[in-house]
Amino acid sequence: MKFSDLNISRQMLRALDEIGFKTTTDIQEQAFATIMSGRDVVGIAQTGTGKTIAYLLPTLRLWKFTKDPNPRILILVPTRELTLQVKAEVDKLTEYMNVVTVAAYGGVNIKKHSAEIMNGCDIVVATPGRLLDLIWKKSLNAKFIKKLIIDEVDEMLNLGFRSQLNDILELLPKKKQSLLFSATITDDVSALIDDHFNAPERIISADSGTPLDNITQAKFHIPNFYSKVSLLKHHLQDKEKFNKVIIFLNTKKMADVLHENIAELYGDEVGVIHSNKSQNYRLNAISKFDNGEHRLLIATDILARGIDLNTVSHVINFDIPEEAESYVHRIGRTGRAEAEGRTISYVTDKERPFMESIEGLMEYAVPEINVPASVEITEELLYSEIEEVQMPNMNMKNPTKGPSGAAFHTKKDKNINITVEEARRIKRRKRLLQLRSKAKGKKGR
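Predicted, not measured: the structure shown is a model, and the values here were computed from it.

J.: Which parts of the structure should I look at to understand unusual backbone geometry?
T.: In most cases, non-glycine residues show a negative phi, while peptide bonds are predominantly trans. A positive phi is found at Lys138, a non-glycine position, where the angle reads about 65 degrees. Its place among the elements puts Lys138 in the loop between helix H6 (128–136) and strand S5 (147–151). Residue classification places Lys138 among the exposed residues on the basis of a relative accessible area of 73%. Even without a glycine there, the phi angle at Ala199 is positive, about 45 degrees. Along the chain, the position of Ala199 falls in the loop between helix H9 (187–196) and strand S7 (201–204). We classify Ala199 as exposed; its relative accessible area is 55%.

Dropping the structure here:
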């Protein structure tokens, strides 16, 4: 359906046209009329299908100008990056409307957000923790909220915002329209809906775990980290094909380790993002990747949800996620807005069960490709990959206890792990000092 076929204002149509949006996605088409009716809505759609526009279009169409400075629309999101992105989407859609939007998130001085809200605004996009701080400081009056939107709620709960989210829902007026959008519905999310939503209409654009048809998937079985690095370098040498690549790892530590291993080769082509990086660093890395300054972006799952990036040629799962749903979110970074996308997964023996769980969720067997002969398969392992070696029982006797008495080494030395040879040297030195002391005593007599 064309956006012009929907009941949207000329100002919004003009903004959509300038953005380059012509036709709706399935979730956008389904959600519009239901949200316009004023009912509570639960929208389920895969990452990359336009959920943000799906709830913004009808919400902004229902918005009416008021001189009241208190915000009427509240959008809750799990991360700072998504806060800024949603605000940017609102700003684009309201280019020709008199709508004031404030993004509020942790990591910056709360006085800035307080001043912006108290100066008057229509929409607040916020993370749960920062929103509660603003309410407790009385910078934001929750009783004026008429429409609540919770985006990526499953990720919000995964990040530990359950108690904050419950507190917020208790503080908001009972009479309001509540919208919830997510890629997956877990038991916790269902419980939240049952407790706080009023007979919501469920809109399901695609079953959770269903891979997008426009994403080509492949996997390689490979033994260890350094062999994966070799395969990655093999793939990335084709700069024309692999022109914009996100490389996902499971932990912050391993993301940094991979960055160290390829930074010398790719230099300014590669960026890295995870939660240990500062807010400015993360935003800068995303911006450089999005505008093409970085060809490669190494990331943890902090980048797997919500963030909308310009055409990503490939997603490479350097590590296989333990949670099958995370895989679906990761691959959704490519193939967005019906563009063609590609994803490649590097699978070790240890990760095979994770991959099988992912394939079970998707009901799809990811095609396996043989590792090219030119890729070096090494036996070199990371310390974390070295299996514990069971030492044989040699029935060794414990060393005999040395002579008692005050220790002659410093307090700091007690905290140092010493070898058996060092212990023997200390014991001999201690014995020598005792003998010298006795000798001096005899001379004194």
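Resuming the write-up.
J.: What should I look at first to understand helix H1 (residues 10–19) in this one?
T.: Within an α-helix, residues lying three or four positions from one another point in the same direction, as the helix has 3.6 residues per turn. Turning to H1, its buried residues number three or more, namely Met12, Ala15 and Leu16. Taken down its axis, H1 places every buried residue within 100 degrees of arc, on the same side. Of the surrounding secondary structure, the elements contacted by the buried residues of H1 are helix H3 (51–62) and helix H4 (80–93). At the C-terminal side of H1, Gly20 shows a positive phi close to 105 degrees.

J.: Help me understand the side chain of His314 in this model?
T.: Within the secondary structure, His314 sits in strand S12 (residues 314–317). Side chain to side chain, His314 and Ser313 meet in a polar contact 3.1 Å long. Residue contacts for His314: discarding those within four places in its chain leaves Lys241, Phe242, Lys244, Val245, Ile246, Thr334, Arg342 and Ile344.

The rules behind the values
- Residues numbered from 1 in each chain as written.
- Predicted model: local features only at pLDDT ≥ 70, side-chain atom pairs only at ≥ 80, totals over all residues.
- Heavy atoms only, no water.
- Helix = DSSP H or I, 4+ residues; strand = E, 2+ residues; numbered from the N terminus.
- Buried < 20%, exposed > 50% of the residue type's maximum accessible area, 1.4 Å probe, protein only.
- Arc of directions from axis to C-beta.
- Contact = heavy atoms within 4.5 Å.
- Polar contact = N/O pair within 3.5 Å; in protein donor to acceptor, adjacent residues only side chain to side chain.

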